[in-house]
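This is what each chain is made of:
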Amino acid sequence: MSKVQSARAPISGTRFEEGGVWEDEVWRFPVTTPGAKRSLFSMNWAIPLADGKMLTDLDYAEVLHAWKQVLWAMLTAPPDGHPRKGSFCGRFGTSLRLLAPWMISSHRLDLASLDRSAFSEFVELGRIKLAEDEDLEFDEAPGEGGATVDTFSSYLSVFSLPYFVRNELAAAGITHPSEDPLSGRSALDIARDLCKKETSPT
């Protein structure tokens, strides 16, 4: 089976390793890190939106399905050949809880809208969020850049995933960005530069 084929969404009703199915509001995966919280190995798709609805509401079924396909591709057959573990859901979920409401409120209802212009706007939102709350939990300890850089990097990385798995999305009939929103740079490098600007003396 090719990478693109195996990355497609499972048939409706197909059960995951932990007993869940594609349609579930919460995807759960085995906890492979001793002492880690169960929530870090789960993806809760019931994300609150600014309009008072949830991402799981029927109004946003297409957006939800598209993001499920993105996560599924990363867990099963990503382009780099290294399927992510269930712990990937920790960072993915935290970042999507910022990105999805922003998409809906800014009337970007498909993944193709996550272009470079949208990325610039989202960066500003990320800066505001980090200024409000840097105490966020992830599945792994902060790297050498520190918690702020790692958190910001996670936000930017998830934003770029639809482009990263664009071939898998196309195979599933889902629209995707036509250009790399990060312009070839890594999310970590961009986060480092942005955080340096925030802390540089004036």
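Above this text you will find the structure in question.
This structure is a prediction, so every number in the text was calculated from the model and none was measured.

Enquirer: So what's going on with the pattern of salt bridges? Residues and values would help.
Expert: Counted under the stated rule, the structure contains six salt bridges. The partner of arginine 84 in a salt bridge is aspartate 80, with the nearest N and O atoms 2.9 Å apart. For arginine 84, a relative accessible area of 25% gives the class partly exposed. Aspartate 80 gets classed as partly exposed once you look at its relative accessible area, which sits at 33%. A salt bridge links arginine 108 to glutamate 121, with the nearest nitrogen and oxygen atoms 3.2 Å apart.

Enquirer: Give me the lowdown on the side chain of serine 95, citing residues and values where you can.
Expert: Here serine 95 lies in helix 3 (residues 88-105). Judged by relative accessible area, which is 1%, serine 95 ranks as buried.

Enquirer: So what's going on with the nonpolar core? Which residues, and what values?
Expert: In this structure, Trp67 and Phe92 are the most contacted members of the largest nonpolar core, which totals 51 residues. Those elements giving two or more residues to this core turn out to be helix 2 (61-76), helix 3, helix 4 (116-132), helix 5 (147-164) and helix 7 (187-199). Those residues within four positions of tryptophan 67 in sequence are excluded, and the remaining contacts are Trp45, Phe92, Leu96, Leu99, Met103, Leu111, Leu114, Val158 and Pro162.

Enquirer: Describe in detail unusual backbone geometry, supporting the description with residues and values.
Expert: Despite not being glycine, histidine 107 shows a phi value in the positive range, around 60 degrees. Positioned with a positive phi, serine 183 is a non-glycine residue whose angle comes to about 55 degrees. Mapped onto the elements, serine 183 comes out in the loop between helix 6 (166-171) and helix 7. Residue serine 183 is classed as partly exposed on the basis of its relative accessible area, which comes to 47%.

Enquirer: Requested: an account of helix 2, with residues and values cited.
Expert: Along an α-helix, residues three or four positions apart point the same way, because every turn accommodates 3.6 residues. With 16 residues, helix 2 extends 22 Å from end C-alpha to end C-alpha; this agrees with the ideal 22 Å at 1.5 Å per step. Where burial is concerned, most of helix 2 is hidden: twelve out of the 16 residues are buried. Among the residues of helix 2, Val63, Leu64, Ala66, Trp67, Lys68, Gln69, Val70, Leu71, Trp72, Ala73, Met74 and Leu75 are the ones counted as buried.

Enquirer: Which residues make up the packing of aromatic side chains, and what are the values?
Expert: All chains considered together, the criterion is met by eleven aromatic pairs. A centroid spacing of 6.1 Å and a plane angle of 80 degrees characterise the contact between tryptophan 22 and tryptophan 72, whose relative ring orientation is edge-to-face. Taken together, the residues tryptophan 22 in the loop between helix 1 (3-6) and strand 1 (26-28) and tryptophan 72 in helix 2 connect sequence positions 50 residues apart. Look at tryptophan 22 and you get buried, because its relative accessible area is 7%. Given the relative accessible area of 13%, tryptophan 72 is considered buried. Measuring from ring centre to ring centre gives 6.0 Å for phenylalanine 88 and phenylalanine 92, while their planes differ by 35 degrees; the resulting arrangement is tilted. Pair noted here: phenylalanine 88 and phenylalanine 92 are both in helix 3, with a separation of four residues, about one helical turn. Taken together, the aromatic side chains of Trp22, Trp27, Trp45, Trp67, Trp72, Phe88 and Phe92 make up a single cluster linked through ring pairs. Between arginine 166 and the ring centre of tyrosine 163, over which it is positioned, the NZ or CZ distance is 4.0 Å.

Calculation criteria
- Residues numbered from 1 in each chain as written.
- Predicted model: local features only at pLDDT ≥ 70, side-chain atom pairs only at ≥ 80, totals over all residues.
- Heavy atoms only, no water.
- Salt bridge = Lys/Arg side-chain N within 4 Å of Asp/Glu carboxyl O.
- Buried < 20%, exposed > 50% of the residue type's maximum accessible area, 1.4 Å probe, protein only.
- Helix = DSSP H or I, 4+ residues; strand = E, 2+ residues; numbered from the N terminus.
- Core = buried A, V, L, I, M, F, W, Y, C linked by side-chain atoms within 4.5 Å.
- Contact = heavy atoms within 4.5 Å.
- Expected span 1.5 Å × (residues − 1).
- Phe/Tyr/Trp six-rings, centres within 6.5 Å; stacked < 30°, edge-to-face > 60°.
- Lys NZ or Arg CZ within 6 Å of the ring centre and 35° of its normal.

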